[in-house]
Amino acid sequence: MNGGELPKELSSDELINIYKKMLLIRKFEQRITKDFGKIKSPLVHTYTGEEAIAVGACMAINEDDYITSTHRGHGHFIAKGGDVNSLMAEIYGKEGGICKGRGGSMHVADFSKSMLGANGIVGAGPPLALGVALASKMRNEGKVVLTFFGDGAANQGMLHESMNLAAAWKLPVIFILENNMYGWSTPFHAATAIKDFSIRAQGYGMKGFTIDGNDVIEVYKTIKEAVDIARNGGGPTLIECKTYRWQGQTIMDPDKYRSPEEKEEWKNRCPIKAYKTRLIRGEIIDKVMIQEIEEMTLVKIDESFKFAKENKNPDPSTVLDNVYKKPIKYGGN
Amino acid sequence: MNGGELPKELSSDELINIYKKMLLIRKFEQRITKDFGKIKSPLVHTYTGEEAIAVGACMAINEDDYITSTHRGHGHFIAKGGDVNSLMAEIYGKEGGICKGRGGSMHVADFSKSMLGANGIVGAGPPLALGVALASKMRNEGKVVLTFFGDGAANQGMLHESMNLAAAWKLPVIFILENNMYGWSTPFHAATAIKDFSIRAQGYGMKGFTIDGNDVIEVYKTIKEAVDIARNGGGPTLIECKTYRWQGQTIMDPDKYRSPEEKEEWKNRCPIKAYKTRLIRGEIIDKVMIQEIEEMTLVKIDESFKFAKENKNPDPSTVLDNVYKKPIKYGGN
Amino acid sequence: MVEETKTMRGLDAIRLAIEEEMERDESVFIMGEDIGKFGGCFFVTEGLLEKFGPERVRDTPISENAILGCAIGAAMAGMRPIAEIMFADFLTVCMEMIVNQAAKASYMYGGQISVPVTIRVPFGTGIMGAAQHSQSFESWFMHVPGLKVILPSEASDFKGLMKTAVRDDDPVIFFENKRAYYLTGDVPLDKDFKIPFGQARIFTEGDDVTLVATGAMVQESMIAATKLTEENIHCEVIDPRTLVPLDKKTILASVEKTGKLIIVDEGCKTCSVSAEIAAIVVEEGFQYLKKEIIRINTPDVPIPYSPKLEKKIIPNAKLIQEKIKKLI
Amino acid sequence: MVEETKTMRGLDAIRLAIEEEMERDESVFIMGEDIGKFGGCFFVTEGLLEKFGPERVRDTPISENAILGCAIGAAMAGMRPIAEIMFADFLTVCMEMIVNQAAKASYMYGGQISVPVTIRVPFGTGIMGAAQHSQSFESWFMHVPGLKVILPSEASDFKGLMKTAVRDDDPVIFFENKRAYYLTGDVPLDKDFKIPFGQARIFTEGDDVTLVATGAMVQESMIAATKLTEENIHCEVIDPRTLVPLDKKTILASVEKTGKLIIVDEGCKTCSVSAEIAAIVVEEGFQYLKKEIIRINTPDVPIPYSPKLEKKIIPNAKLIQEKIKKLI
Ligand SMILES: Cc1ncc(C[n+]2csc(CCOP(=O)(O)OP(=O)(O)O)c2C)c(N)n1
Ligand SMILES: Cc1ncc(C[n+]2csc(CCOP(=O)(O)OP(=O)(O)O)c2C)c(N)n1
Ligand SMILES: [Mg+2]
Ligand SMILES: [Mg+2]
């Protein structure tokens, strides 16, 4: 159920920003998809349809709070305030990319924004989140960490260890499970016997919620609640956000394992459209503004595409840089 | 609470056998402990105090049902009907050991008895149990697998993956968590925020129970119930048995992290003594029989010790045998 | 009698081998992530679900330890499972089951059992996989006694070695080079076509220099070798095909003839397959060596995403040619 | 100025280094299984909990991925954690965090960060640990670019290298040989006593043969070398101490002098450290070699429990002596 009152504590600007960010992610992914032939990498995963989770979640934290991401990281990157130009350039493997073309889509990271990186290994973000949270705790910084992961990742052993340790040590980590119904081609109900993953929270002694991941305000509110608990020393929370990815697993996926009806049904539950309706109903924006935002967003995307296109390829002579902080002599060379 | 009626479906012989087996394990471990200087291995873990779990559990299955074990495997080995002589010889590293002196205490296994091996890696038994269960299921053999593991192991990622897969595929596995309150020196409540591990069962869509692991009949009954479910295609169950190890983590452990009071309290809850009292009260055995059993057990242990002592050391020229089924030429030699 | 063959890609040859073995032996089944309905990340198992059903073609959760534990346990109970780990890079999450369980069970349990499991693992570069989807870890497994380590480079070898793997009684880790997936070759249709472990394949004979190569590097070496015949330089190109057991004899015999050895290997240089082969030859064939042994490897660097960068570090025919000419 | 030293065991030297670094730098802390109240499986961390309290000496659940993830994440956030994995054999359950995360973060994120974590790992034979508590996996990590791989054999090196490790900005895996724990040596008490990475240590000089050894094999080599001086055979015994970076220069210079190389290494032979060193020398020092290179390793077999069997396979001074005499 995507409706109800808009939260009082958010200003109009903030409410509009939520919309802008979701739209920016959507348009970004559409552009990537369209230009897919130019990217050439088969391992690019889009966030289309899931925008409300990253955006709602990042609205609930401060700029210096941390997030860890997944292989499907563009949305988290943008939501956390990462620069779209260097994101686009990274996906195109250019020197001006946020990781200088070394990482690519699956490794986009912006440490200056406390965005600790997309990750090609399913389930590898949460263990790292523990450490960042511990550092914050040991230094009394009051920062929290949001760690995003999928329904597929939920069945990885690393997740279990992470949730248990976070709860045992009361670390300020929010576990955000993006249940988009599939781990690659495998429906989550074939990979586990449970219906809602949030039930697992009890097994670690933390609170768990299952919410509509397509309702950006519900996401925001729930994460906010969890963040407050974490900041006050109450430890971690598990939040399962039900959602759906509109596109295939990767931009190359023929996606034959999901029915057109199922896809259609979820497209009708578009998180952006629903939120737009609420903004209009709440008289936060009007048609003109919508039009303006849409245009500005497209301009931004075009610029980022231009930036990426005109950017240089990395210089092959630098290929061995940054393996270590300072170059060392390799054993065998 | 260790009391109540003895189960009607068990004959006197069976009830007495339970007693005999528990006592055999106890005396075996005491002998090992006494001769510890001769064994020389620091990595020997005794089952003293936990006898009711292995014995009660193995009473609930058939001879051709399987078990997997842990680093603390002597008790499981004996309970599953393994030969005490070759167990003792193995711990002494002799050729007549069940693993020809290659495995030692942490690897005792008797595949002819469907005892699939002790395991030096905490948490490694359950994933293997999945496969044995799957084989049984695919071949319609109706066999079940008991997989034992500790409270420490419960926080290993492998456990999570195993419980989830077993439930998703409805495999005939019974997860038997031996909560002896400590993973090495770490109290379980420092390693996790929950009180009873059985609550985790819900997170996989299976049933979970927490029981008195020192009550052999309660163990038997609960496992029996779970076995019936598993045999009938109902999938796995998690059973947490609360217990206590009387000795240190290994036979060399100075064991300073546990208070004498705590140890004393648990010794007062001795599973063997409690069961003996019940047998006497139920007029299944009398003092004379108890005396006889005690003596027979000691004779058996003495024999096994003699067997181990007189047994040859493995022939060093055979050290490369059995790396593969048939010898291959090694790459580098 | 003419052997019937069919031209197909490496990945089709693997599929054919699996299909035939599943038909032949009821105890063979296959499991892994997205191998069923989806047909596998590289479409190696396409069509098998339709043919054999979900009991024998099992899609799993993303739980690699459970996948391998399940396969190994089933093998202990007498089945012959084939388990897929989607990328070699993910072996990091499930080393335990391979290294401490499958590889050691026979030995540490005193020979009571064997573990006839086959673990299939795509590996290598070439798809812009970057640091976590491009790695070559085969040398790790050569360092683990109890495993057999197989690494074919060509379609018919894929078929013949896969069949041997499935029928072998020991745990086999079967590395499938991503680039070799798409190379075509003539594959025997004989349902009992097997290639024994421990026999290298000589791709081309020559007197001037021995080139030992694996996986995608075999093709690169062949291109270099072919090119150099124009300059009257004759390379002997050898693909060991199986790394454990390793056919030292063929390699040593070749070095005896040529006196010169170059090893070409996609893995990062330090402690790679090439190190072991160089060490064997300097230990057992020193008297044959006329020159230093050259290792051509990917340098010690995580694999970068940008194709321009990746290309810079992965050995190719041109580099091989240069190194050969320098050595001679 | 006379340097003040104290005689202590290897494990005490490690403890001293950790203690001093924790005193010096608030961002250093230590975590692992049973390292607190219990003092660590080998008592390396004994007393640290009492001194620094439970915030900085953290007992963990038996969750190795969480332990390392937590340490690595904290390092990314600017701390300098030291994490212990109780036995090298258990690295199999947590390779992911080391190999795909710590080692690659600097590179794959384009140099945005570094990961100053130290991972401590006891390894090797000698305690009847059998197949799953005796292994030597250091060559695996040499094959992973981005890691520094340290392996001291002696008390003062333990101290000096541990301090360098903790202060290093890259991920360090620090292998602690179990037998070397109990060897005593004179350890400098200077709180800034550090040994740089990449500098081998020459234990004894000699002209006849170069012995490169690591861990417990250094002592065995020294026994052999000392014995052979009676027969007027003079070995040069070199301990690289750090495997990545590796001090090739010292090894090559020695081989230039002696013309003969033997490598002694406790790891199973195939693809072990010894393979890499042999390969480097035949590649870069071929012209110096007068004889084949000999590798003395544990053969490719899981470690057996029976001490009689274990003794048979682990290289010792006697075997080393024999091999030297045969080579000369
Ligand atoms: C450890 C590991 N196993 C498998 C993969 C291959 N893989 C990449 S994405 C993916 C599906 C992940 O599903 P989920 O966690 O639900 O995330 P989603 O893609 O749906 O966002 C798989 C199996 C991987 N990258 N890492
Ligand atoms: C993966 C792994 N981590 C750590 C160890 C070291 N270790 C051996 S036993 C043990 C404690 C196990 O506790 P628990 O599972 O509760 O079993 P218990 O010993 O109490 O029976 C530990 C930490 C190990 N063997 N394997
Ligand atoms: Mg998903
Ligand atoms: Mg315990």
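Residues numbered from 1 in each chain as written. Chains lettered and ligands numbered in written order. Predicted model: local features only at pLDDT ≥ 70, side-chain atom pairs only at ≥ 80, totals over all residues. Heavy atoms only, no water.

Colleague: Is there a simple way to think about the overall build of chain C in this case?
Modeller: In terms of regular secondary structure, chain C is built from 12 helices and 14 strands. Taken over the C-alpha trace, chain C has a radius of gyration of 19 Å; the compact-globule value for 328 residues is 20 Å, and the two agree within 12%. If you take every contact in chain C between residues at least 6 apart in sequence, the share linking residues at least 24 apart comes to 82%. Surface exposure of chain C reaches about 8,900 Å², of which carbon and sulfur atoms provide 49%. Counting 37 positive and 48 negative side-chain charges, chain C places the averaged centre of each group 4 Å from the other. (Helix = DSSP H or I, 4+ residues; strand = E, 2+ residues; numbered from the N terminus. Rg over C-alpha atoms; globule rule 2.2 N^0.38 Å. Contact = heavy atoms within 4.5 Å. Areas by Shrake-Rupley, 256 points an atom, 1.4 Å probe, with all protein chains shown as cover. Lys, Arg positive; Asp, Glu negative; His and termini not counted. Charge placed at Lys NZ, Arg CZ, Asp CG, Glu CD.)

Colleague: Even after reading the chapter, I still don't get the side chain of Ser 69 of chain A, so can you show me in this structure?
Modeller: Residue and element names in this part refer to chain A. Among the secondary structure elements, Ser 69 is positioned in the loop between strand S1 (66-68) and helix H4 (74-79). Of the polar contacts made by the side chain of Ser 69, one reaches the side chain of His 76; its length is 2.7 Å. Residues contacting Ser 69, with those up to four places away along its chain left out, are His 76, Met 115, Gly 117, Ala 118, Asn 119 and Phe 148. (Polar contact = N/O pair within 3.5 Å; in protein donor to acceptor, adjacent residues only side chain to side chain.)

Colleague: Any chance you could explain the relation of the copies chain D and chain C here in plain terms?
Modeller: Copy one and copy two of the chain differ by a rotation about an axis and a translation along that axis. Between chain D and chain C, which share one sequence, the superposing operator has a rotation angle of 180 degrees and an axial displacement of 0.0 Å; the RMSD is 0.0 Å. Given the turn and translation reported, the copies of this chain are related as if by a two-fold rotation axis. Comparing interface residues between copies, 100% of those in chain D also sit at the interface in chain C, which points to an isologous, same-surface contact. (Least-squares fit on C-alpha atoms with pLDDT ≥ 70 in both.)

Colleague: Is there a simple way to explain the relation of the copies chain A and chain B in this structure?
Modeller: Note on the copies: chain A fits chain B at an RMSD of 0.0 Å, the axial shift is 0.0 Å, and the rotation between them is 180 degrees. Both copies present the same face, since 100% of the interface residues in chain A are matched by interface residues at the equivalent positions in chain B.

Colleague: Before we go on, may I ask you to explain the coordination of the magnesium ion (ligand 3) in this structure?
Modeller: Octahedral metal centres with six donors ideally show angles of 90 or 180 degrees, and tetrahedral centres with four donors ideally show 109.5 degrees. Around the magnesium ion (ligand 3), the protein contributes the donor atoms Asp 151 of chain A (OD), Asn 180 of chain A (OD1) and Tyr 182 of chain A (O), at 2.0 to 2.1 Å from the metal centre. Positions of the donor residues of the magnesium ion (ligand 3), expressed as sequence spacing, correspond to D-x28-N-x1-Y. (Donors = N, O, S within 2.8 Å, 3.2 Å for Na, K, Ca; no water.)

Colleague: What should I look at first to understand the nonpolar core in this one?
Modeller: Generally speaking, a soluble globular protein has its nonpolar side chains buried in company with each other. Counting 502 residues, the largest nonpolar core has Leu 91 and Phe 141 of chain C together with Leu 91 and Phe 141 of chain D as the members making the most contacts within it. In contact with Phe 141 of chain C, not counting residues within four places along its chain, are Leu 91, Met 95, Ile 98, Leu 147, Val 149, Ile 173 and Phe 175 of chain C. (Core = buried A, V, L, I, M, F, W, Y, C linked by side-chain atoms within 4.5 Å. Buried < 20%, exposed > 50% of the residue type's maximum accessible area, 1.4 Å probe, protein only.)

Colleague: Quick question: what am I supposed to make of the domain arrangement of chain C here?
Modeller: Where the parts come together, the accessible area they lose is often given as the size of the interface. Residues and elements named next belong to chain C. Domain boundaries in chain C define domain 1 (5-188) and domain 2 (201-327). Carbon and sulfur atoms make up 59% of the surface buried where domain 1 meets domain 2, a total of about 2,200 Å² over both sides. Along the contact surface separating domain 1 from domain 2 lie 4 salt bridges. Residues Glu 154 and Arg 201 are paired through a salt bridge, measuring 3.2 Å at the closest nitrogen-oxygen approach. Connecting domain 1 to domain 2 are 13 residue pairs in polar contact (both at pLDDT 80 or more). Of all elements in the fold, only helix H5 (138-142), strand S6 (148-150) and helix H6 (155-167) reach the threshold of two or more residues within the side of domain 1 that touches domain 2. The class makeup of the residues in the side of domain 1 that touches domain 2 is 11 nonpolar, 9 polar and 5 charged. (Domains from an automatic or database assignment. Buried area = accessible area lost by both parts, 1.4 Å probe. Salt bridge = Lys/Arg side-chain N within 4 Å of Asp/Glu carboxyl O. Nonpolar A, V, L, I, M, F, W, Y, C, P; charged D, E, K, R; others polar.)

Colleague: Is there a simple way to think about helix H9 (residues 248-258) of chain C in this case?
Modeller: In an α-helix, one full turn covers 3.6 residues, which means residues spaced three or four apart are oriented alike. All names here are of chain C. Listed as buried for H9 are Lys 248, Thr 250, Ile 251, Leu 252, Ser 254, Val 255 and Thr 258. The residue sitting at the N-terminus of H9 and contributing the capping side-chain oxygen is Asp 247; that oxygen lies 3.3 Å from the backbone nitrogen of Lys 249. Just downstream of H9 lies Gly 259, where phi reads positive at about 75 degrees.

Colleague: Would you mind going over the interface of chain A and chain B with me for this structure?
Modeller: At the interface, 20 residues of chain A touch 20 residues of chain B. Buried surface at the junction of chain A and chain B, both sides included, amounts to about 1,700 Å², of which 49% is carbon and sulfur. The interface formed by chain A and chain B includes 14 residue pairs in polar contact (both at pLDDT 80 or more). Those elements that place two or more of their residues in the side of chain A that touches chain B are helix H7 (157-168) and helix H8 (188-191) of chain A. The biggest single contributor to the side of chain A that touches chain B is H7 of chain A, with 6 residues. Here the side of chain A that touches chain B is composed, by residue class, of 9 nonpolar, 9 polar and 2 charged.

Colleague: Before we go on, may I ask you to explain the interface of chain D and chain C in this structure?
Modeller: Contacts between the two partners involve 48 residues from chain D, matched on the other side by 48 residues from chain C. Joining chain D to chain C, the criterion identifies 6 salt bridges. When the shortest N-O distance is used, the salt bridge between Arg 295 of chain D and Glu 276 of chain C registers 3.0 Å. The tally of links from chain D across to chain C stands at 31 residue pairs in polar contact (both at pLDDT 80 or more). Going through the elements one at a time, helix H4 (95-108), helix H5 (138-142), strand S13 (261-268), helix H10 (273-284) and strand S14 (294-298) of chain D are the ones with two or more residues in the side of chain D that touches chain C. Residues belonging to the side of chain D that touches chain C are distributed by class as follows: 26 nonpolar, 11 polar and 11 charged.

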